[in-house]
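Analysis of the macromolecular model
Next come the chains, spelled out residue by residue.
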Amino acid sequence: MAFTIAIDGPAAAGKGTVSKAVAAHFGFAHLDTGLLYRAVGAKMLAGVDPVAAAQGLMAEDLEGEGLRSPDVAQAASKVAAIGAVRAALVDFQRAFARRAGGAVLDGRDIGTVICPGAEAKLFVTASAEVRAERRYLELVNKGHETSREAVLADVKERDARDMERAEAPLKPAADAVVIDTSEMSIEEAVAEAIKAIDARLGE
Ligand code: DC
């Protein structure tokens, strides 16, 4: 059985955590599509042309803690605005989405562009301040040196670029269930997500 769950939303809204928990709950495979753009962004920082990097992307390029750094996140958001980069990554994402046994994909344009026919769509969001605070704590815990102000500015800059780009801008699909996690614990956000997906599975 193929069953696709599309989970979109801005940076640090809890998408990744919710997606992993949802995939584990339903026994589905999970693809963090942000990693594809991060891997291309990292290659661009290393001097590779981003379109060539996207076209030649390999599984091993998606590994490594370096992909989680703020510099790579900004580079990812920049290469993600290039139409030819996005086009090069479409087939891989769609094939993953339709694999047997079900799939969860999280990103920015999964419900709108990559899998408009997904059986369940969620848009996980939170205020910029809450997202920045979460990202700040995560970075500090990992030993990165930064400030709350710098992280908030970074989140806002990335939001603006992701929402205002011409190619597949970040926005909820018309039929997505919106979950605002600003006032929710991780457990509450995951429970909301599972409830929304159960409703679609039961149809
Ligand atoms: O989810 P993330 O923070 O790992 O994503 C990094 C960047 O990649 C993000 O700023 C925008 C881009 N991205 C995208 O354009 N489309 C996706 N499906 C996933 C990520």
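Reading guide: rules and limits
Residues numbered from 1 in each chain as written. Predicted model: local features only at pLDDT ≥ 70, side-chain atom pairs only at ≥ 80, totals over all residues. Heavy atoms only, no water. Helix = DSSP H or I, 4+ residues; strand = E, 2+ residues; numbered from the N terminus. Rg over C-alpha atoms; globule rule 2.2 N^0.38 Å. Buried < 20%, exposed > 50% of the residue type's maximum accessible area, 1.4 Å probe, protein only. Contact = heavy atoms within 4.5 Å. Areas by Shrake-Rupley, 256 points an atom, 1.4 Å probe, with all protein chains shown as cover. Lys, Arg positive; Asp, Glu negative; His and termini not counted. Charge placed at Lys NZ, Arg CZ, Asp CG, Glu CD. Core = buried A, V, L, I, M, F, W, Y, C linked by side-chain atoms within 4.5 Å. Near = heavy atom within 4 Å. Polar contact = N/O pair within 3.5 Å; in protein donor to acceptor, adjacent residues only side chain to side chain. Axes fitted to C-alpha atoms, helices over the stretch in contact; angles between N-to-C directions. Parallel < 35°, antiparallel > 145°, perpendicular 65-115°, else oblique. Left-handed = near helix turned anticlockwise from the far one by under 90°. Phe/Tyr/Trp six-rings, centres within 6.5 Å; stacked < 30°, edge-to-face > 60°. Nonpolar A, V, L, I, M, F, W, Y, C, P; charged D, E, K, R; others polar.

Concerning the overall build of the protein chain
Counting secondary structure elements, the protein chain contains nine helices and five strands. Taken over the C-alpha trace, the protein chain has a radius of gyration of 16 Å; the compact-globule value for 203 residues is 17 Å, and the two agree within 12%. Taken across its 203 residues, the protein chain has 47% of its residues classed as buried. Partitioning the intrachain contacts of the protein chain with sequence separation of at least 6 by distance along the chain shows that 78% fall at a separation of at least 24. Just so you have it, the protein chain exposes about 9500 Å², and 55% of that area is on carbon and sulfur atoms. Separation of charge centres in the protein chain, based on 24 positive and 31 negative side chains, amounts to 2 Å.

A short note on the nonpolar core
Within the largest apolar cluster, 20 residues are counted, with the highest numbers of intra-cluster contacts made by Ile 5, Val 22, Leu 122 and Ile 197. Of all the elements, helix H9 (residues 186–201) adds the most residues to this core, at six residues. Residues Val 40, Ala 76, Ala 80 and Val 85 belong to the second largest nonpolar core, which totals 12 residues.

Notes on the site of the ligand
Inspection of the region around the ligand gives 15 residues, with Arg 38, Arg 86, Arg 108, Arg 158 and Arg 165 positioned closest. One of the side-chain nitrogen or oxygen atoms of Thr 33 is found 2.9 Å away from a nitrogen atom of the ligand. Take Asp 162: an N or O atom from its side chain is 2.9 Å from an oxygen atom of the ligand. Secondary structure elements with two or more residues in the shell around the ligand: helix H2 (34–45), helix H4 (70–79) and helix H8 (148–164). The element that contributes the greatest number of residues to the shell around the ligand is H2, accounting for three residues.

Focus on the packing of H4 against H8
Between H4 and H8, the least distance of the axes is 9 Å, while the angle of their chain directions is 15°. The angle between H4 and H8 falls in the class roughly parallel. In terms of crossing hand, the pair formed by H4 and H8 is left-handed. In this structure, H4 contributes Pro 70, Ala 73, Gln 74, Ser 77 and Lys 78 to the contact, and H8 contributes Asp 154, Glu 157, Arg 158, Arg 161 and Asp 162.

Topic: the packing of aromatic side chains
On inspection of all chains with the given rule, the structure shows two aromatic pairs. Between Phe 3 and Phe 28 the ring centres are 5.9 Å apart and the planes differ by 50°, which places this aromatic pair in the tilted class. With Phe 3 in the segment before strand E1 (4–8) and Phe 28 in the loop between helix H1 (15–26) and strand E2 (29–32), the pair connects residues that are 25 residues apart, well separated along the chain. Here Phe 3 falls in the buried class, since its relative accessible area comes to 6%.

Structural notes on the packing of helix H7 (residues 128–141) against H8
Viewed as axis vectors pointing N to C, H7 and H8 meet at an angle of 120°, and their least axial separation amounts to 9 Å. Looking at the two axes, H7 sits oblique to H8. In this structure, H7 crosses over H8, and the sense of that crossing is right-handed. Where H7 abuts H8, its residues Ala 128, Glu 129, Arg 131, Ala 132, Glu 133, Arg 135, Tyr 136, Leu 137 and Leu 139 lie against Arg 148, Val 151, Leu 152, Val 155, Lys 156, Arg 158 and Asp 159. Grouping the amino acids of the contact of H7 with H8 by side-chain chemistry returns eight nonpolar, no polar and eight charged.

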